[in-house]
Amino acid sequence: MNAKRIIQWAVYVAIAAWALVSFCVMAGDENPDAPMSLNRFCIIKLMAAASLYACYRVGKICCRRGLLPPFGIR
């Protein structure tokens, strides 16, 4: 693999990890032993959703600029 492919895969893995963490936070539930207010719960979920959307937008920009590896079937 050449340096360009390594950079492309590194960017892809970073975006995928970011999306996974955002999705886990968005899908998670609160700890019943330490309840939080509804406002804080909603803010956390909204920020996770915004982070997931930002991840999508960054992925689209990186794809247009050629920073993601090709995914076509050969």
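Residues numbered from 1 in each chain as written. Predicted model: local features only at pLDDT ≥ 70, side-chain atom pairs only at ≥ 80, totals over all residues. Heavy atoms only, no water.

Asks: Could you give me a rundown of the overall build of the protein chain, with the residues and numbers involved?
Replies: Secondary structure assignment for the protein chain yields 2 helices and 0 strands. Taken over C-alpha atoms, the radius of gyration comes to 17 Å for the protein chain, far larger than the 11 Å a tight globule of 74 residues would show. Reported as C-alpha extents along the three principal axes, the dimensions of the protein chain are approximately 50 × 20 × 20 Å. Relative to its full complement of 74 residues, the protein chain shows a buried share of 14%. Counted over contacts in the protein chain with a minimum sequence separation of 6, partners at least 24 positions apart contribute 67%. Of the roughly 5,800 Å² of accessible surface on the protein chain, a fraction of 69% belongs to carbon and sulfur atoms. (Helix = DSSP H or I, 4+ residues; strand = E, 2+ residues; numbered from the N terminus. Rg over C-alpha atoms; globule rule 2.2 N^0.38 Å. Buried < 20%, exposed > 50% of the residue type's maximum accessible area, 1.4 Å probe, protein only. Contact = heavy atoms within 4.5 Å. Areas by Shrake-Rupley, 256 points an atom, 1.4 Å probe, with all protein chains shown as cover.)

Asks: Requested: an account of the packing of aromatic side chains, with residues and values cited.
Replies: All told, the structure shown has 2 aromatic pairs when counted by the stated rule. Here Trp9 and Tyr12 contribute two aromatic rings whose centre-to-centre distance is 5.4 Å and whose plane-to-plane angle is 90°, an arrangement assigned as edge-to-face. Residue Trp9 and its partner Tyr12 are located together in helix α1 (residues 3–27), separated by 3 residues, close to a single helical turn. In this structure Tyr12 comes out as partly exposed when scored by relative accessible area, which is 33%. Where Tyr53 meets Tyr56, the ring centres are 6.1 Å apart and the plane angle is 40°; that geometry is what we call tilted. Of this pair, Tyr53 and Tyr56 both sit in helix α2 (residues 38–64), 3 residues apart, which is roughly one turn of that helix. In this structure Tyr56 comes out as partly exposed when scored by relative accessible area, which is 46%. (Phe/Tyr/Trp six-rings, centres within 6.5 Å; stacked < 30°, edge-to-face > 60°.)

Asks: Describe in detail α2, supporting the description with residues and values.
Replies: The end-to-end C-alpha separation of α2 is 39 Å, in line with the 39 Å expected for 27 residues at 1.5 Å each. Against α1 lie the buried residues of α2. Positioned one or two residues after α2, Gly66 has a phi angle of 80°, which is positive. (Expected span 1.5 Å × (residues − 1).)

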